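Below are the chains, spelled out letter by letter.
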Amino acid sequence: MQVFLSVAQEGGFTAAARRLSMTTPHVTRHIAALENQLGTRLLQRTTRRVSLTAAGERYAVRVREILEAVDTASAEVQSKTSALSGVLRIVAAPSLTDALVSPLAAAFREQYPGISLDVYVDAHPLPDLNRYDLGFLQVPEGYDSSIVARTLSTSEAILCASPTYIARHGLPQTPEELAQHMCVLRRPAGLHRDSFSLWRSDQKMDEPPSHDIEVQAAITINQTASILQMVLDGAGIATFTMDSARPFLNQGVLEQVLPGWITGRYCVLAALPSRKHLPERAKAFLDFVFAAHKAQLIDRC
């Protein structure tokens, strides 16, 4: 079962073999024996990737529950001796990996040396949480989802530019003037319209935006972390959450554009898979993150 899940998660036999410290033929034999025992094909092989069949998807859900039950039973026994251990599988968006996971990893490992962190960075807004023990997501306020989650923080999204850009091009005084400025946009795949939707800061997110301004996209990129450096270098105006922008606003290397207007509100969620039992190691990391956030050891999320 562990070999099967590793192949499914890694998308291939060779990658799974590396993760499990096994040979590729050994992994292949395990999968063949499992499929033979079940009398059905669990994996669809192509020359480039291995994916789950419909039967494999259903089996994977049950297998994760079984292995989690085994892990939970082990953790309960180990907790009697305060020896939390095992692999904690985490999925997080790139910006949240930088803001939450990376700054805390060393301190967490020092406190819980028996727990290994297996972190997968996924830019998809809603990854398959059932593949992991814990996920960190950033979603719009009021996001309607069936996922089980705790809200870590909520932050307004604001427009910012560098003093260098402002010295060269000035500041827009009204939302409409944004159309005459250069902007740096994060544009997900499939979205082709370059615009900023603006709400007054006292508006609710379930209300329509007060303005929807088509802007000049000086730079378009689908990766959030790179936008900050571009804006700091004077490339244009971009939107950031207040939490992520605050350190740079305090340093004076960013300035807020159109105070009183926001481009949205976003929640950082600690999301859990739909399982009956949360592994003790996941609870330990979750508590560690919330304690660090409350102590303001991490604030850029």
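As the structure is a computational prediction, the values presented were derived from the model and not from experiment.

A. Broad picture of the packing of aromatic side chains. Using the criterion set out here, one finds 6 aromatic pairs in the structure. Seen from their ring centres, Phe 108 and Phe 285 are 4.9 Å apart, and the 80° between their planes marks the pair as edge-to-face. Of this pair, Phe 108 sits in helix α5 (residues 94–111) while Phe 285 sits in helix α9 (residues 280–294), and the two are 177 residues apart along the sequence. Neither residue differs from the other here; Phe 108 and Phe 285 are each classed as buried.

B. Representation of the pairing of strand β6 (residues 148–161) within the structure. Judged from the 9 bridges that link them, β6 and strand β14 (residues 264–272) form a sheet pairing that is antiparallel. By the bridge assignment, Thr 151 is partnered in β14 with Leu 269. Of the pairings in the sheet, the one linking β6 to strand β11 (residues 238–241) comprises 4 bridges and is antiparallel in character. Bridge pairing in β11 links Ala 157 to Thr 241. As judged from the 3 bridges shared by β6 and strand β12 (residues 255–257), these two strands associate in the antiparallel manner. Of the residues in β12, the one forming a bridge with Leu 159 is Val 257.

C. Broad picture of the packing of α5 against α9. Contact geometry of α5 with α9 gives a least axis separation of 11 Å together with a crossing angle of 120°. With respect to α9, the axis of α5 lies oblique. The two elements α5 and α9 cross, and the hand of that crossing is right-handed. Counting all contacts with α5, which are made through Leu 100, Leu 104, Ala 107, Phe 108 and Gln 111, the residues of α9 involved are Arg 281, Ala 284, Phe 285, Phe 288, Val 289 and Ala 292.

D. Examining the layout of surface pockets more closely. Approximately 400 Å³ is the volume found for the second largest pocket. Looking at the second largest pocket, it is lined by 16 residues, and the ones nearest its centre are Gln 2, Ser 6, Arg 19, Val 87 and Arg 89. At the level of secondary structure, the elements contributing two or more residues to the lining of the second largest pocket comprise α1 (2–10), α2 (13–20), α4 (54–79) and β3 (86–92). When its residues are assigned to classes, the lining of the second largest pocket shows 4 nonpolar, 3 polar and 9 charged.

E. The arrangement of the side chain of Gln 203 in detail. Within the element layout of this structure, Gln 203 appears in the loop between β8 (195–200) and β9 (211–214). Its relative accessible area of 5% is what places Gln 203 among the buried residues. Of note is the side chain of Gln 203, whose polar atom sits 2.8 Å from the backbone nitrogen of Arg 200. Discounting residues that sit within four places of it in the chain, Gln 203 has contacts with Pro 208, Ser 210 and Arg 265.

F. View of α2. Looking at α2, one finds that the buried residues are Phe 13, Ala 15, Ala 16 and Ala 17. On its buried face, α2 sits against α1, α3 (24–38), β1 (43–45) and β2 (50–52).

G. Layout of the environment of Glu 214. Mapped onto the elements, Glu 214 comes out in strand β9. Considering only alpha carbons, one finds Glu 214 and Ala 291, 77 residues apart in sequence, at a separation of 41 Å.

H. Geometry of helix α7 (residues 224–232). Along α7, the residues classified as buried are Ile 227, Leu 228 and Val 231. For α7, the angular spread of the buried residues around the axis is 100°, confining them to a single face. Of the surrounding elements, those touching the buried residues of α7 are β6, β7 (182–186), β10 (216–221), β11 and α8 (242–251). Once α7 ends, the next one or two residues include Gly 234, with phi positive near 95°.

I. Molecular detail of the environment of Asp 133. Along the polypeptide, Asp 133 turns up in the loop between β4 (115–121) and β5 (134–140). Under the relative-accessibility criterion, Asp 133 is labelled buried at 0%. Between the C-alpha atoms of Asp 133 and Ile 90, which are 43 residues apart in sequence, the distance is 6.0 Å. A distance of 2.7 Å separates a polar side-chain atom of Asp 133 from the backbone nitrogen of Arg 89.

J. Inspection of the pattern of salt bridges at higher detail. Counted by the stated rule, this structure contains 11 salt bridges. The partner of Arg 19 in a salt bridge is Glu 10, and the shortest N-O contact between them spans 3.0 Å. By relative accessible area, Arg 19 is classed as partly exposed at 31%. Looking at Glu 10, the relative accessible area reads 33%, which means it is partly exposed. Arg 131 is paired through a salt bridge with Asp 128; the nearest N and O atoms lie 3.2 Å apart. When its relative accessible area of 18% is taken as the criterion, Arg 131 is described as buried. What makes Asp 128 partly exposed here is its relative accessible area of 34%.

Conventions and cut-offs
- Residues numbered from 1 in each chain as written.
- Predicted model: local features only at pLDDT ≥ 70, side-chain atom pairs only at ≥ 80, totals over all residues.
- Heavy atoms only, no water.
- Phe/Tyr/Trp six-rings, centres within 6.5 Å; stacked < 30°, edge-to-face > 60°.
- Helix = DSSP H or I, 4+ residues; strand = E, 2+ residues; numbered from the N terminus.
- Buried < 20%, exposed > 50% of the residue type's maximum accessible area, 1.4 Å probe, protein only.
- Pairing = 2+ DSSP bridges.
- Axes fitted to C-alpha atoms, helices over the stretch in contact; angles between N-to-C directions.
- Parallel < 35°, antiparallel > 145°, perpendicular 65-115°, else oblique.
- Left-handed = near helix turned anticlockwise from the far one by under 90°.
- Contact = heavy atoms within 4.5 Å.
- 1 Å grid on protein atoms, 1.4 Å probe; cavity = no way out; pocket = protein on both sides within 12 Å on 5 of 7 lines; lining within 4 Å.
- Points joined across faces, edges and corners; volume = space filled by probe spheres on them.
- Nonpolar A, V, L, I, M, F, W, Y, C, P; charged D, E, K, R; others polar.
- Polar contact = N/O pair within 3.5 Å; in protein donor to acceptor, adjacent residues only side chain to side chain.
- Arc of directions from axis to C-beta.
- Salt bridge = Lys/Arg side-chain N within 4 Å of Asp/Glu carboxyl O.

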